Amino acid sequence: MAATLGTAPAPAGAPHADTGMFVCRVADVDAAYAFCLANGAASVLPPIDRPEWGPTLRSAHLRDPQGTLIALQSY
């Protein structure tokens, strides 16, 4: 999954080792991203519009404290 995003792989010892990703549809990607950062997540990719994924899609990617890759999306 990290290779698809063009980011570094999961940290050593991460339980999921990027075999999957937790995807959450949210009303406001920027607010959800800020909330996650304030609660221990690490940024992978900041919020960005992704018209190549969908005409109104906005996403951000983070890792939770255990290293799981998380995608926040609105569309």
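Structural data are supplied above this passage.
The structure presented is a predicted model; accordingly, all values stated were derived computationally and were not measured.

S.K.: I'm lost on the overall build of the protein in this one. Help?
M.R.: Along the protein, the regular secondary structure elements total two helices and four strands. Looking at the protein as a whole, 39% of its 75 residues qualify as buried. For the protein, long-range pairs separated by at least 24 residues make up 47% of all intrachain contacts whose partners lie at least 6 apart in sequence. Surface exposure of the protein reaches about 4,400 Å², of which carbon and sulfur atoms provide 61%.

S.K.: Would you mind going over the pairing of strand β4 (residues 69-74) with me for this structure?
M.R.: Every regular strand shows the same layout, with side chains that alternate between the two sheet faces. In terms of residue burial, β4 counts as a mostly covered element, since six of its six residues are buried. Here β4 shows no split at all, with L69, A71 and Q73 on one side and I70, L72 and S74 on the other all buried. In terms of strand pairing, strand β1 (residues 22-25) meets β4 through four bridges, oriented parallel. The partner of R25 across the bridge, within β4, is Q73.

S.K.: When you look at the pattern of salt bridges in this model, what are you seeing that I'm missing?
M.R.: When charged atoms on two side chains of opposite charge get close, those side chains can pair. Per the stated rule, a full pass over the model turns up three salt bridges. Two residues, D30 and R58, come together in a salt bridge whose shortest N-O distance is 2.9 Å. Taken as a pair, D30 in helix α2 (residues 29-38) and R58 in strand β3 (residues 58-63) lie far apart in primary sequence, 28 residues in all. Exposure remark for D30: the relative accessible area of 37% places this residue in the partly exposed category. Taking the shortest distance from any N to any O, the salt bridge between R50 and E52 comes out at 3.7 Å. For R50, a relative accessible area of 13% translates into the label buried.

Cut-offs and rules
- Residues numbered from 1 in each chain as written.
- Predicted model: local features only at pLDDT ≥ 70, side-chain atom pairs only at ≥ 80, totals over all residues.
- Heavy atoms only, no water.
- Helix = DSSP H or I, 4+ residues; strand = E, 2+ residues; numbered from the N terminus.
- Buried < 20%, exposed > 50% of the residue type's maximum accessible area, 1.4 Å probe, protein only.
- Contact = heavy atoms within 4.5 Å.
- Areas by Shrake-Rupley, 256 points an atom, 1.4 Å probe, with all protein chains shown as cover.
- Pairing = 2+ DSSP bridges.
- Salt bridge = Lys/Arg side-chain N within 4 Å of Asp/Glu carboxyl O.

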